[in-house]
Amino acid sequence: TYHLSSPASISLTLWGSDPLRATSSSLSSSQSGLSSVALLVKRGRCKKVVVVAGAGISTASGIPDFRTPGTGLYANLEKYNVPYPEAIFNIDYFSNDPQPFFSLAKFLYPGGHRPNYIHYFIRMLHHKGLLLRVYTQNIDGLEKLCGIPDEKLVEAHGSFATASCHLCHTPYPSEECAIMSDNVPTCSFCAATVKPDVVFFGEDLPQKYFLHTKDFPKADLLIIMGTSLKIEPFASLVNTVGSSVPRLLLNRHAVGPFERVPLRRRDHMELGDLAETIRRFAEFLGWNGEIEEMMKDREALVGELCL
């Protein structure tokens, strides 16, 4: 059984190297990363692409990530009076005091944000027949909202789409959680708190997560974007592709194995603003116009459904 593990015991530098040195030294050697990987895709060398995504892909939609100093969710939890930031997603702490989570959940609950260009880039991979699967740490539902089909999506840390009693696991409709109200929902069977099926530290990962045992050995390209690679066991997935498989990190900072100097052969990274990087990648691939059109069509469809 795999549980979501708190980063408290995980080294900030997984490979023991200086992250600042890794960031600056490796960047110059990977300036052609985007164009090199785009060329592989255009030549038909990458037909089973796995994407690993974190909170950084949703910041352009107005959802703060967790760990950015000053602006991340974990840096702005003083008002919830939690003993340490990750406690708000700790199942034992939740059992004793669920109110901080339900207060924070108002800011994370799907419905108030729209998918951005990054989400549609991933959907375009599917549209082109190249996406094997996307593994997301996000609980905002934006991958699904942009039109990525369920069979191509693994929400590794769960979602707000369903709910259940955290103690007896009786399922409830997601509406029972009434996230946007000020009431904490309770189970009609055991009187414990009902929560969205978001995976907390100390809880089992969803069964679908274990598709990774088949997907990652099949992958011929791994794209990692918008993640700190701090939460296990999700973070270690990036090390389970074959040694000859190209890995492309698109991120603000070097993380995980990309902190090593020199980079592994066939590893590439492009650091900086993720939305800008993805647009450049799409331009190298010649997909920008199609993505823009896809965004307009989807937004029009979603708008009609909301009427």
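Keep in mind it's a predicted model, so treat the numbers as computed, not measured.

Visitor: Run through the sheet that holds strand S9 (residues 267-271), naming residues and quoting values.
Guide: With respect to topology, six strands assemble into an open sheet ordered S3-S2-S1-S7-S8-S9, the strand pairing being parallel. Both edges of this open sheet fall to strand S3 (153-155) and S9, since each of them pairs with a single strand only. Pairs of neighbouring strands in the sheet enclose a mean axial angle of 15°, with direction left out of account. Pairing of strand S2 (residues 131-136) with S3, which is carried by three bridges, proceeds in the parallel orientation. Its bridge partner being in S3, Tyr-135 is matched across the sheet by Val-154. Strand contacts of helix H2 (residues 33-42): strand S7 (221-225), strand S8 (247-251) and S9, with the helix running at about 125° to S9, the strand carrying the most contacts. Here helix H8 (residues 274-285) sits on the sheet in contact with S7, S8 and S9, set at roughly 135° to S8.

Visitor: Lay out the environment of Lys-230 with the relevant residues and their values.
Guide: Note on placement: Lys-230 falls in the loop between S7 and S8. For the pair Lys-230 and Gly-256, spaced 26 residues apart in the sequence, the C-alpha separation amounts to 7.9 Å.

Visitor: Account for the pattern of salt bridges, naming residues and giving values.
Guide: Evaluated as defined, the whole model comprises 12 salt bridges. The residue Arg-252 makes a salt bridge to Asp-273 at a minimum N-O spacing of 3.7 Å. Separated by 21 residues along the polypeptide, Arg-252 in the loop between S8 and S9 and Asp-273 in the loop between S9 and H8 bring together distant segments of the chain. Take Asp-273: its relative accessible area is 32%, and that puts it in the partly exposed class.

Visitor: Quick one: what's the story with the packing of aromatic side chains, residue by residue and with numbers?
Guide: Applying the stated criterion across every chain, the model contains 11 aromatic pairs. Ring centres of Phe-101 and Phe-200 lie 5.0 Å apart, and the angle between their planes is 65°; on these two criteria the pair is classed as edge-to-face. Of this pair, Phe-101 sits in helix H4 (residues 99-108) while Phe-200 sits in the loop between strand S6 (194-198) and helix H7 (212-218), and the two are 99 residues apart along the sequence. Per residue, the accessibility class of Phe-101 equals that of Phe-200, and both read buried. Taking 5.8 Å as the distance between ring centres and 35° as the angle between the ring planes, the aromatic pair formed by Phe-121 and Trp-287 counts as tilted. Highlighted residues: Phe-121 in helix H5 (residues 117-127) and Trp-287 in the loop between H8 and helix H9 (288-306), separated in sequence by 166 residues. Note on accessibility: Phe-121 and Trp-287 belong to one class, buried. Grouping aromatic residues by their ring pairs yields a cluster made of Phe-89, Phe-94, Phe-101, Phe-102 and Phe-200. One residue, Lys-195, lies across the ring of Phe-200, its end atom 4.5 Å from the ring centre. Over the ring of Tyr-117 we find Arg-279; its NZ or CZ atom is 3.9 Å from the centre of that ring.

Visitor: Please provide a residue-by-residue account of the pairing of strand S1 (residues 49-53), values included.
Guide: Buried residues dominate S1, accounting for five of its five residues. Side-chain alternation along S1 places Val-49, Val-51 and Ala-53 on one buried face and Val-50 and Val-52 on a second face that is also buried. In the sheet, S1 pairs with S2 via five bridges, with the strands oriented parallel. Residue Ala-53 lies in a different strand from S2, and its bridge partner there is Thr-136.

Parameters and conventions
- Residues numbered from 1 in each chain as written.
- Predicted model: local features only at pLDDT ≥ 70, side-chain atom pairs only at ≥ 80, totals over all residues.
- Heavy atoms only, no water.
- Pairing = 2+ DSSP bridges.
- Helix = DSSP H or I, 4+ residues; strand = E, 2+ residues; numbered from the N terminus.
- Axes fitted to C-alpha atoms, helices over the stretch in contact; angles between N-to-C directions.
- Contact = heavy atoms within 4.5 Å.
- Salt bridge = Lys/Arg side-chain N within 4 Å of Asp/Glu carboxyl O.
- Buried < 20%, exposed > 50% of the residue type's maximum accessible area, 1.4 Å probe, protein only.
- Phe/Tyr/Trp six-rings, centres within 6.5 Å; stacked < 30°, edge-to-face > 60°.
- Lys NZ or Arg CZ within 6 Å of the ring centre and 35° of its normal.

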